[in-house]
Amino acid sequence: MTSQEIRQKYLDFFKSKNHAIIPSASLIPENDPTTLFISAGMHPLVPFLMGEKHPQGNRLASVQKCIRTIDIDEVGNAYHHTFFEMLGNWSLGDYFKKQAIEWSFEFLTKYLDIPIERLAVSVFEGDENAHLDEESINIWKSVGIPESRIAKLSKEDNWWGPAGQTGPCGPDTEMFYWNDDKEPAPKDFDPKNTRWVEIWNDVFMEYNKTAEGEYEPLKQKNVDTGMGIERTLAVLNGLNDDYKTELFINQINKVEELSGKKYEESEEITKAMRIVADHIKASVFIMADDKNIVPSNLDQGYVVRRLIRRAIRYGRMLNIDKELWTREIARIVIKDYKETYPELENNKEFILNNLDEEEQKFKKTLEKGLREFEKGADAFVLFSTYGFPIEMTQELAKEKGIEIDIEKFNEQMKKHQELSRTASAGKFKSGLADDSEETKKLHTAAHLLLAALRKVLGENVIQKGSNITPERLRFDFSHNEKLTDEQKQEVEKLVNETIKEDLQVICEEMSLDQAKEQGAMGIFESKYGEKVKVYAIGGSSDAGSEPSFSREICAGPHVKHTGELGYFKITKEQSSSAGVRRIKAILE
Ligand code: SER
């Protein structure tokens, strides 16, 4: 089975169950200050899981691009990926456990043709916040899963979310596939046996975890499911290594060709090749997003930089000595995925040029690190300052007959990881899709700001990104020059006048084509011609009436009247990247 067959089967199946198919959202969250990347199919849907109405209805399905960076240093095994695709279906307060489980079962056994003998499931065993999920047990039994194949597990295994520190979450039921063709699956399901591979997760999101750590019932009971394509593709093709599937194998073959080594030559080589393939693929996808992310020392750009540099280091360990080789792997990623994700082809030159540039920059750093090493630098300094993986330092040390104090290194590494975990946890601090009043106000202010910028600077201005915390708004937009003081004042004045007029903020639902026709701003990368929500501030779309000050395609939420916003002030205006300016603003 190919990856495209799985994607198509999945979407067709849920379409036949009256789900609207929604396109993959960008990898970079819109208006979400709390995380750098979209990490699950449900992530762009948080406002809707919390009760906002979705314009496509209350049954949705998608294939979502995802990035998980928490454990970058753990990539290298057979199934861990920084970039992956997640198949998912959602009920927003519509169906619940019975239909979700029955459909999961139907899809696995009838569409993916998995024999029931190779399936096992786990459910939540219950604790002080929520009881044992007997309902799910009974539904699984009713479709034919025997009791001995149903494990009851704790919150650690069978509870999903929130994705940040607060937000929608709930008990889940996971499905496992017996991934061994030689031996039949044992009668009893032992979740610790690694030949049982988890392939799908149905989450019953009926709680909201609050900042105080309480679990309060959500306005609606939702279903959120997720199936990783890479692993499912591997097991369905009888493989025990995702990197041998069509989603990776062409990259691996290229790395073999460039390095003159074989993928399975040794454990170290397998690991290094996986890291190269994983990291370059993730960098390509991040840069392909229409947000112009480039390697840098900040936020998403920093992640791209780390990924590319780590790939290069492992490439070096594999003895790849060709100049500018990362683009050769990137070309394969683009070729293999461009049908599904046209943004890869559209941004091809941008991606390849940035890879070249970063490779050249890193080469200089590496040379400096090597000189330090010659002088006897400490393994940890080489890691933290010059980014040398310990394996590389060990190799070098071996060549030179030098001893490395690995215990000391591990000790320092542990401290370092604790620090960086705390730092990334900080990113989630205010909770996923924080929907406080302050955030809502700044979100509406962002719409006013875009409209004002277009009036003052011209219609070439389009939004390139935004990031809102309860304290401030950060807004990136296309423009080539620094704003003059007069321009900044003019923009502020326009926004504040609009606030004073206390204009109504109206949400209308319409087709994407209608929205475009009305000149609504927004991201038009959508493929399915679906319904969208348009937030209009002031005026009306009716012919003959006053035009709106702002019209944007947006998920919301927003305030009802601009008068609620207070006084709008630009605190900073600076460059963000080539051709992109960044404004920071507050409401007083
Ligand atoms: N959100 C759940 C997960 O990521 C199900 O999609 O596993």
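Owing to the predicted nature of the structure, the values given are computational and were not obtained by experimental measurement.

**Observations regarding the nonpolar core**
Nonpolar side chains in soluble globular proteins generally cluster together in the buried interior. Core analysis: the biggest nonpolar cluster contains 97 residues, and Leu 108, Trp 140 and Ile 286 have the highest contact counts within it. The biggest single contributor to this core is helix H8 (residues 267-288), with 13 residues. The next biggest cluster of nonpolar side chains, apart from the first, holds 33 residues, and it includes Leu 450, Leu 457, Val 495 and Ile 570.

**Structural notes on the packing of aromatic side chains**
All told, the structure shown has 28 aromatic pairs when counted by the stated rule. Here Phe 107 and Trp 200 contribute two aromatic rings whose centre-to-centre distance is 5.9 Å and whose plane-to-plane angle is 80°, an arrangement assigned as edge-to-face. Taken together, the positions of Phe 107 in helix H3 (residues 97-111) and Trp 200 in strand S8 (residues 196-209) put the pair 93 residues apart, joining distant regions of the chain. For Phe 107, a relative accessible area of 0% translates into the label buried. Given a relative accessible area of 0%, Trp 200 falls into the buried group. Their ring planes at 45° and their centres at 5.0 Å tell us that Phe 176 and Phe 189 sit as a pair that is tilted. With a gap of 13 residues between them, Phe 176 in strand S7 (residues 167-178) and Phe 189 in the loop between S7 and S8 connect regions that are remote in the sequence.

**Comments concerning the sheet that holds strand S13 (residues 531-537)**
One key point about sheets: their strands pair by backbone hydrogen bonds, in either a parallel or an antiparallel sense. Read across the open sheet, the 3 strands follow the order S12-S13-S14; overall the sheet is antiparallel. Every interior strand has two partners, whereas the edge strands, strand S12 (505-511) and strand S14 (550-553), have only one. With strand direction ignored, the average angle separating the axes of adjacent strands in the sheet is 25°. Summarising the sheet, S13 and S14 pair through 4 bridges and their orientation is antiparallel. Considered in S14, the bridge of Tyr 535 is made with Glu 552. Running at roughly 115° to S14, helix H16 (residues 437-457) makes contact with S12, S13 and S14 of the sheet.

**Structural notes on the confidence of the model for the chain**
Counting all residues, the mean pLDDT for the chain is 89, and 93% of those residues have values of 70 or more. The low-confidence segment residues 423-433, where pLDDT is below 50, has 28 contacts with residues more than four positions distant or belonging to other chains.

**Points about the environment of Glu 490**
Here Glu 490 is to be found in helix H17 (residues 485-500). Looking at Glu 490, the relative accessible area reads 35%, which means it is partly exposed. Along the chain, Glu 490 and Leu 457 lie 33 residues apart, while their C-alpha atoms are 10.0 Å from each other.

**Description of the pattern of salt bridges**
Applying the stated criterion across every chain, the model contains 40 salt bridges. Measuring nitrogen to oxygen at the nearest pair gives 2.8 Å for the salt bridge that ties Arg 7 to Glu 85. Of this pair, Arg 7 sits in helix H1 (residues 3-16) while Glu 85 sits in strand S3 (residues 83-92), and the two are 78 residues apart along the sequence. You'll find Arg 7 and Glu 85 in the same group, each marked buried. Taking the shortest distance from any N to any O, the salt bridge between Lys 65 and Glu 343 comes out at 2.6 Å. One end of the pair, Lys 65, is in strand S2 (residues 59-67); the other, Glu 343, is in helix H11 (residues 343-346), and 278 residues separate them in sequence. A network of salt bridges, in which partner residues are shared, links Lys 254, Glu 257, Lys 322 and Glu 328.

**A closer look at the pairing of S8**
Of all the 14 residues making up S8, 12 are buried; the element is thus mostly covered by neighbouring parts of the structure. Judged from the 10 bridges that link them, S7 and S8 form a sheet pairing that is antiparallel. Bridging from a neighbouring strand, Cys 169 pairs with Tyr 207 of S8. As defined by bridge partners, S8 adjoins strand S9 (residues 215-228) across 8 bridges and the pair is classed as antiparallel. Opposite Asp 202, over in S9, you have Thr 225 as the bridge partner. Two successive antiparallel strands, S8 and S9, enclose a turn made up of 5 residues, where Gly 213 displays a positive phi of approximately 85°.

**Examining the site of the ligand**
The local shell around the ligand consists of Ala 40, Met 42, Arg 68, Met 86, Trp 160, Asn 201, Val 203, Asp 224, Thr 225 and Gly 226. Between Asn 201 and the ligand, the recorded distance is 3.3 Å, taken from a side-chain N or O atom to an oxygen atom. Within the backbone of Thr 225, an N or O atom sits 3.2 Å from an oxygen atom of the ligand. When the free accessible area of the ligand is taken as 230 Å², the share hidden by the protein chains comes to 94%.

**Things to note about the sheet that holds strand S15 (residues 568-577)**
Ordered in space as S10-S11-S16-S15, the 4 strands form an open sheet in which the pairing is antiparallel. Of all strands in the sheet, those bounded by a partner on one side alone are strand S10 (463-468) and S15. Shown here is a sheet whose adjacent strand axes are inclined to one another by a mean of 20°, direction ignored. In this structure, strand S11 (residues 473-478) lies alongside strand S16 (residues 580-587), joined through 6 bridges in antiparallel fashion. Within the sheet, the bridge partner assigned to Ser 478 lies in S16 and is Val 580. Contacts between H16 and the sheet are confined to S10, S11, S15 and S16, with S11 contributing the most and set at about 30° to the helix.

**Some words on the packing of helix H9 (residues 299-317) against helix H12 (residues 348-374)**
Between two packed helices, both the angle of their axes relative to each other and the distance between the axes serve to describe the pair. Running from amino to carboxyl end, H9 crosses H12 at an angle of 60°, the nearest separation of the two axes being 10 Å. Comparing the axis directions of H9 and H12 gives the class oblique. As for the relative orientation of H9 and H12, their crossing is right-handed in sense. Together, Arg 305, Ile 308, Arg 309, Ile 312, Arg 313 and Arg 316 of H9 and Leu 355, Glu 358, Glu 359, Lys 361, Phe 362, Thr 365, Leu 366 and Leu 370 of H12 make up the contact between the two elements. Residues belonging to the contact of H9 with H12 are distributed by class as follows: 6 nonpolar, 1 polar and 7 charged.

What counts and what doesn't
- Residues numbered from 1 in each chain as written.
- Predicted model: local features only at pLDDT ≥ 70, side-chain atom pairs only at ≥ 80, totals over all residues.
- Heavy atoms only, no water.
- Core = buried A, V, L, I, M, F, W, Y, C linked by side-chain atoms within 4.5 Å.
- Buried < 20%, exposed > 50% of the residue type's maximum accessible area, 1.4 Å probe, protein only.
- Helix = DSSP H or I, 4+ residues; strand = E, 2+ residues; numbered from the N terminus.
- Phe/Tyr/Trp six-rings, centres within 6.5 Å; stacked < 30°, edge-to-face > 60°.
- Pairing = 2+ DSSP bridges.
- Axes fitted to C-alpha atoms, helices over the stretch in contact; angles between N-to-C directions.
- Contact = heavy atoms within 4.5 Å.
- pLDDT = per-residue confidence, 0-100.
- Salt bridge = Lys/Arg side-chain N within 4 Å of Asp/Glu carboxyl O.
- Near = heavy atom within 4 Å.
- Polar contact = N/O pair within 3.5 Å; in protein donor to acceptor, adjacent residues only side chain to side chain.
- Areas by Shrake-Rupley, 256 points an atom, 1.4 Å probe, with all protein chains shown as cover.
- Parallel < 35°, antiparallel > 145°, perpendicular 65-115°, else oblique.
- Left-handed = near helix turned anticlockwise from the far one by under 90°.
- Nonpolar A, V, L, I, M, F, W, Y, C, P; charged D, E, K, R; others polar.

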